[in-house]
Amino acid sequence: MTGRRGLLWLVAGLALTLLFGRWVAGLYGDWAFHHALGADALWRERVALTALMRVGTFALVFGFAFANLFAVRQSIVALVLPRVVGGVEFGEAIPTRRLTLLALAVSMLLAVLFAFTDQDWTLLGQAIHGVPFVEFDPYLDRDLGFYVHWLPFERYLAQLV
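Only a predicted model underlies this, so the values are computations on that prediction, with no experimental measurement involved.

**Considerations on helix α4 (residues 121-129)**
Right, so step 1: Those residues of α4 that fall on the buried side of the exposure criterion are W121, L123, L124, G125 and A127.
Right, so step 2: Along its buried surface, α4 packs onto α2 (40-75) and α5 (144-160).

Given below as structure tokens:
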């Protein structure tokens, strides 16, 4: 059993190393492309906004999932699973601490899966750096820059939820 477990950890570590190497190579290739064009500032902006969107998505999804799963965990008074040892059946209670850790782990997994979905960083950049048009909508009295810069990002956020 220990040999199999060690092999499993070795394969998992190798897979994580390969995924990390792929991510670093992609980041370097993207930087080299932008550097060759003289657009280092654009590359830094893209990396910063993508990281901000991923961290924000992670925090939002983790908070929502953990709040819901922890509420379900609080409603469970005791979880007793049947166990058979040597032909004798008895009930084994799962500790509440383990249930809380399970809720935490599932929330973390969901947050990581949502954080690494494809996200459009240009919408956030446009919402942050959008220039007002100084021309106002006659009905709602909003600057037209709101419709061009902020509203697409707001619709994107609404689609996430």
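**Describing the nonpolar core**
Here is a general trend for soluble globular proteins: nonpolar side chains tend to be buried in one another's company.
Right, so step 1: L49, M53, W121, L123, L124, A127, F153 and Y156 together form the largest nonpolar core, which totals eight residues.
Right, so step 2: Among the elements of the structure, α2, α4 and α5 are those that each provide at least two residues to this core.

**Describing the pattern of salt bridges**
Right, so step 1: Per the stated rule, a full pass over the model turns up one salt bridge.
Right, so step 2: Its salt-bridge partner being R46, residue D30 comes within 3.2 Å of it at the nearest N-O pair. Remark: R46 occurs in helix α2 and D30 occurs in helix α1 (residues 2-37); sequence separation between them is 16 residues.

Criteria and cut-off values
- Residues numbered from 1 in each chain as written.
- Predicted model: local features only at pLDDT ≥ 70, side-chain atom pairs only at ≥ 80, totals over all residues.
- Heavy atoms only, no water.
- Buried < 20%, exposed > 50% of the residue type's maximum accessible area, 1.4 Å probe, protein only.
- Helix = DSSP H or I, 4+ residues; strand = E, 2+ residues; numbered from the N terminus.
- Contact = heavy atoms within 4.5 Å.
- Core = buried A, V, L, I, M, F, W, Y, C linked by side-chain atoms within 4.5 Å.
- Salt bridge = Lys/Arg side-chain N within 4 Å of Asp/Glu carboxyl O.

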